[in-house]
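What follows is each chain in one-letter form.
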Amino acid sequence: MTLAQLRVLVAVAEHGGFTAAADHTGMSQPAVSRAVAALERELGAALFVRHRDGIALTEAGRAALARARETLRHFDLIRADVAAAAGQITGELRLASLPSATGTLVARLLRAFTDRYPQVRVRLFEGVDDDIREWLLRGAAEIGVVTLPAPGLHTVHLSTHDMVAVLPEGHPLAARPAITLADLAGRPFILTTAGCRPLIVGAALAARVRLDIAFEASGPAAILEMVAAGLGLSIVPALGLPADPGAVVTRPLEPVLTRSLALAVPSLDDCGPAARAFLDQLTAFTS
């Protein structure tokens, strides 16, 4: 078993196929196939199931992938730690972000970070909270933007911002300066499936308001389109809303409902030099 084989295993799993993994690694497709086949022979188990639509990890493959990621991360950290001891931050930083936070919060941190540490390669992933937490826990990302609270993760506060009600243009409630949760009761409601969901549901329970959930959607863009189409009302973070949200209006909530975001790592003690430097960059921005 070699590190090259483990890198191929991760590449095939992350890119969804042998051809895509070959493009990513710079190897030929037959070489990628041979590396996986050799690994399967040595481990004595099939790691992937091949079918017409592509490939899927077997149970053994999922176990091997988790260990491969862990092994490669620790191997890569050897170089990074030695470089850091010599005063250099190098290697790769895998950063996961919420779409609403990337342009508004993360971009300025990335600019300052890459200016200061040009030898670090940054890979940026975007997803919803559940995706990011999973990526952090299985090692696919080293640091991520998450909604607080985030039990089990080490976090550094990033931002707190208001949630707002979203209504179609011309809706009777649009004439009001602010919207209460009671105003939304009995009306079709579009509930996010992302990290704001517990916040919204918890606020409704605390206010003893029953939301009539007609639809669920994962991202703000989809929710805005559904509200504009007259499918219901919703609550979304003010952060990341487009300057022109389309045929919708936003109104503040009364009482104010806020969402807090943080940068998170699985463990500060096991944090690589690049991830730790990125956390330090945030501390410098907020101090």
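Residues numbered from 1 in each chain as written. Predicted model: local features only at pLDDT ≥ 70, side-chain atom pairs only at ≥ 80, totals over all residues. Heavy atoms only, no water.

**A look at the packing of aromatic side chains**
Now for step 1: Under the criterion given, the structure shown has 4 aromatic pairs.
Now for step 2: Plain terms: the ring middles of Phe18 and Phe48 are 6.1 Å apart, the flat faces sit at 65° to each other, and that makes the pair edge-to-face. Pair noted here: Phe18 is in helix H2 (residues 18–25) and Phe48 is in strand E1 (residues 48–51), with a separation of 30 residues, a long-range link.
Now for step 3: On the accessibility criterion, Phe18 (11% relative accessible area) is buried.
Now for step 4: For Phe48, a relative accessible area of 4% corresponds to the buried category.
Now for step 5: Ring geometry for Phe113 versus Tyr117: centroids 5.1 Å apart, planes at 50°, classification tilted.
Now for step 6: In this structure an aromatic cluster arises from ring pairing among Phe113, Tyr117 and Phe278. (Phe/Tyr/Trp six-rings, centres within 6.5 Å; stacked < 30°, edge-to-face > 60°. Helix = DSSP H or I, 4+ residues; strand = E, 2+ residues; numbered from the N terminus. Buried < 20%, exposed > 50% of the residue type's maximum accessible area, 1.4 Å probe, protein only.)

**A short note on the domain arrangement of the protein chain**
Now for step 1: According to the domain assignment, the protein chain contains domain 1 (3–70), domain 2 (89–158 + 262–286) and domain 3 (160–257).
Now for step 2: Computed over C-alpha atoms, the centres of domain 2 and domain 3 are 28 Å apart.
Now for step 3: Taken together, the contact pairs 8 residues of domain 2 with 6 residues of domain 3.
Now for step 4: Contact between domain 2 and domain 3 buries roughly 590 Å² in total, counting both sides, with carbon and sulfur atoms accounting for 66%. (Domains from an automatic or database assignment. Contact = heavy atoms within 4.5 Å. Buried area = accessible area lost by both parts, 1.4 Å probe.)

**Describing helix H9 (residues 220–228)**
Now for step 1: For H9, the set of buried residues is Ile223, Leu224, Met226 and Val227. Here the buried residues of H9 occupy an arc of 165° about the axis, which is enough to place them on one side. Facing away from the buried side of H9 by more than 90 degrees, the exposed set consists of Ala221 and Glu225.
Now for step 2: The inward-facing, buried residues of H9 abut strand E6 (154–168), strand E7 (188–192), strand E8 (212–217), strand E9 (233–237) and strand E10 (248–252).
Now for step 3: Phi turns positive one or two residues past the end of H9, at Gly230, with a value near 80°. (Arc of directions from axis to C-beta.)

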